[in-house]
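Secondary and tertiary structure notes
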Number of protein chains: 2
Amino acid sequence: MTTNASPPAKSQRHSRVDVVEAALAILDEYGLPDLTMRRLASTLAVQPSALYWHFENKQTLLAAVSDRIVSGARVIDHGTSDWASAVRLEAEALRDALLSFRDGAEVVLSSQALGLGAGEALTRLTAALHRGDFDERVERAAAGAFLHFLLGHVSHEQQRIQADSLGVVTARHEAKPSDVESRSRQERDSFDFGVALLIAGLAVQSDALR
Amino acid sequence: MTTNASPPAKSQRHSRVDVVEAALAILDEYGLPDLTMRRLASTLAVQPSALYWHFENKQTLLAAVSDRIVSGARVIDHGTSDWASAVRLEAEALRDALLSFRDGAEVVLSSQALGLGAGEALTRLTAALHRGDFDERVERAAAGAFLHFLLGHVSHEQQRIQADSLGVVTARHEAKPSDVESRSRQERDSFDFGVALLIAGLAVQSDALR
DNA sequence: ACCTGAACACCGTTCAAGT
DNA sequence: ACCTGAACACCGTTCAAGT
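These lines cover the structure that appears in this document, whether it is placed above or below. (Residues numbered from 1 in each chain as written. Chains lettered and ligands numbered in written order. Predicted model: local features only at pLDDT ≥ 70, side-chain atom pairs only at ≥ 80, totals over all residues. Heavy atoms only, no water.)

1. Quick look at the relation of the copies chain A and chain B
In this structure, two copies of a chain are linked by a rotation about an axis accompanied by a shift along it. Once turned by 180 degrees and shifted 0.0 Å along the axis, chain A lies on chain B with an RMSD of 0.0 Å. Within this description, the copies of the chain are treated as partners about a two-fold rotation axis. Relative to the rotation axis, the closest C-alpha in chain A is found at A:Gly201, a distance of 2.0 Å. (Least-squares fit on C-alpha atoms with pLDDT ≥ 70 in both.)

Put into structure tokens, the structure is as follows:
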């Protein structure tokens, strides 16, 4: 993904957004392990210590990066759709947003594992679920379940993308070459299947209550 | 959890198991961020470089730690039970195993995010699901969904345990004190609910096919 | 408001050499 | 078979001081 930033305007002072933008660029091009404060600083032609004027620490920075990734998810118009389609569409939009940056899911996953990022993702899933008017506790638990599945699945997908691109020989039980395209179709199917399981389960739950 | 190791037998040479044991002890007492190679080495009264005779690198070590945590899950007798109870019991046993070590879920999550640990967890869930004789692709996708939900939920639980113990003020929307006990009941309920959603969804799926 | 310079207290990993 | 010693190439973070 090309972060359409206005050109850094050589040797200017920086803002929070500049820093996040540069972090996203490093992330997408070199991956999470290479996203260090020192490297980020040198990208911005600044001392590492300068970053701590903008962010309290690296965790906070990564939370901001997570928010940026999630906020890139396309907006879904829920005007006419039932809760099930709404949730499915949100899940797919969020998956695409995570996939659009290298290691995107892992960044968001680890931020949210620390209780920081991913707030917007939960909000969006919750809003979609809200169209189903479930009990509030059910709604919360369901949103969490969708989010956990989502982050786990996509981060697994991206790990395999990474392994593939490095030519790692996992030597699975495959007979056919299993090219990249059919692989990615399988991933998508398996993702949609998981989402469908959760939706079907929720539907049973709501039927039981009426 | 008290790892019932035979006492280190002062200033003996070490084996892989010793190293993993010591790692588990550090993990449980001080948490994942404090589980460094250098600290582990000094716990074993050994130079950091010595660890690299036992393990290729830190990732490999952490994968072994993950395996140990998961293998602590109690064995379920599936003799009489249907697939749904089998899966539910497995999920609960795995959750308990993860909860029995500080940061247990996060260790396993990050190992499996790198494609290393958690193999046994997948195997156990798959075996339980196998009693339902689903299509093979369905079985695989479902096992993955359960695992993702499981790891995500428990690591979230443990993050909150951590935050609570540090007295972090998250200032949620609570009216009541919400003591530790009721909190942990809620967590368990929300976990069981997620598992139930997935099971119900699968049941619908299997009904549709017969 | 934003950054420099310099330092502190660490990391994971490699490798020749020892016993 | 298992470990030492010493080094390499890094980390995140703090803080006084500069403009």
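Now that the structure has been shown, we can carry on.
2. Here we look at the protein's contact with DNA strand D
Every one of the 16 residues lining DNA strand D counts as a neighbour, but A:Arg38, B:His14, B:Gln47, B:Ser49 and B:His54 are closest to it. Close to the protein, within 4 Å, the atoms of DNA strand D are drawn from sugar and phosphate at a rate of 53%. B:His14 is positioned with one of its backbone polar atoms (N or O) 2.7 Å from a phosphate oxygen of DNA strand D. Side-chain polar atom of B:His54 to a phosphate oxygen of DNA strand D: 2.7 Å apart, as the coordinates give it. Taken together, the elements giving at least two residues each to the surface near DNA strand D come down to α2 (37-43) of chain A together with α3 (51-54) of chain B. (Near = heavy atom within 4 Å. Polar contact = N/O pair within 3.5 Å; in protein donor to acceptor, adjacent residues only side chain to side chain. Helix = DSSP H or I, 4+ residues; strand = E, 2+ residues; numbered from the N terminus.)

3. Quick notes on the environment of B:Arg68
Structurally, B:Arg68 can be placed in helix α4 (residues 58-71). When the C-alpha positions of B:Arg68 and B:Glu120 are compared, they lie 9.8 Å apart, and in sequence the two are 52 residues distant.

4. Some remarks on the protein's contact with DNA strand C
Of all residues adjacent to DNA strand C, which total 15 residues, the nearest are A:Gln47, A:Ser49, A:His54, B:Arg38 and B:Tyr52. Taking the atoms of DNA strand C that fall within 4 Å of the protein, sugar and phosphate contribute 54% of them. Note that a phosphate oxygen of DNA strand C is positioned 2.6 Å from one of the backbone N or O atoms of A:Gln47. Contact distances for DNA strand C include 2.7 Å between a phosphate oxygen and a side-chain N or O atom of B:Tyr52. Contributing elements (two or more residues each) for the surface near DNA strand C: α3 (51-54) of chain A together with α2 (37-43) of chain B.

5. Thoughts on empty space enclosed by the protein
Residues and elements named next belong to chain B. Tallied over the entire structure, the rule returns one cavity of 30 Å³ or more. Quantified by volume, the largest cavity comes out at close to 40 Å³. Val70, Leu94, Ala97, Leu98, Val108, Ala121, Leu147, Leu150 and Leu151 are the residues that line the largest cavity. Elements with a contribution of two residues or more to the lining of the largest cavity: α5 (83-99) and α8 (136-165). Of the residues in the lining of the largest cavity, the class split is nine nonpolar, no polar and no charged. (1 Å grid on protein atoms, 1.4 Å probe; cavity = no way out; pocket = protein on both sides within 12 Å on 5 of 7 lines; lining within 4 Å. Points joined across faces, edges and corners; volume = space filled by probe spheres on them. Nonpolar A, V, L, I, M, F, W, Y, C, P; charged D, E, K, R; others polar.)

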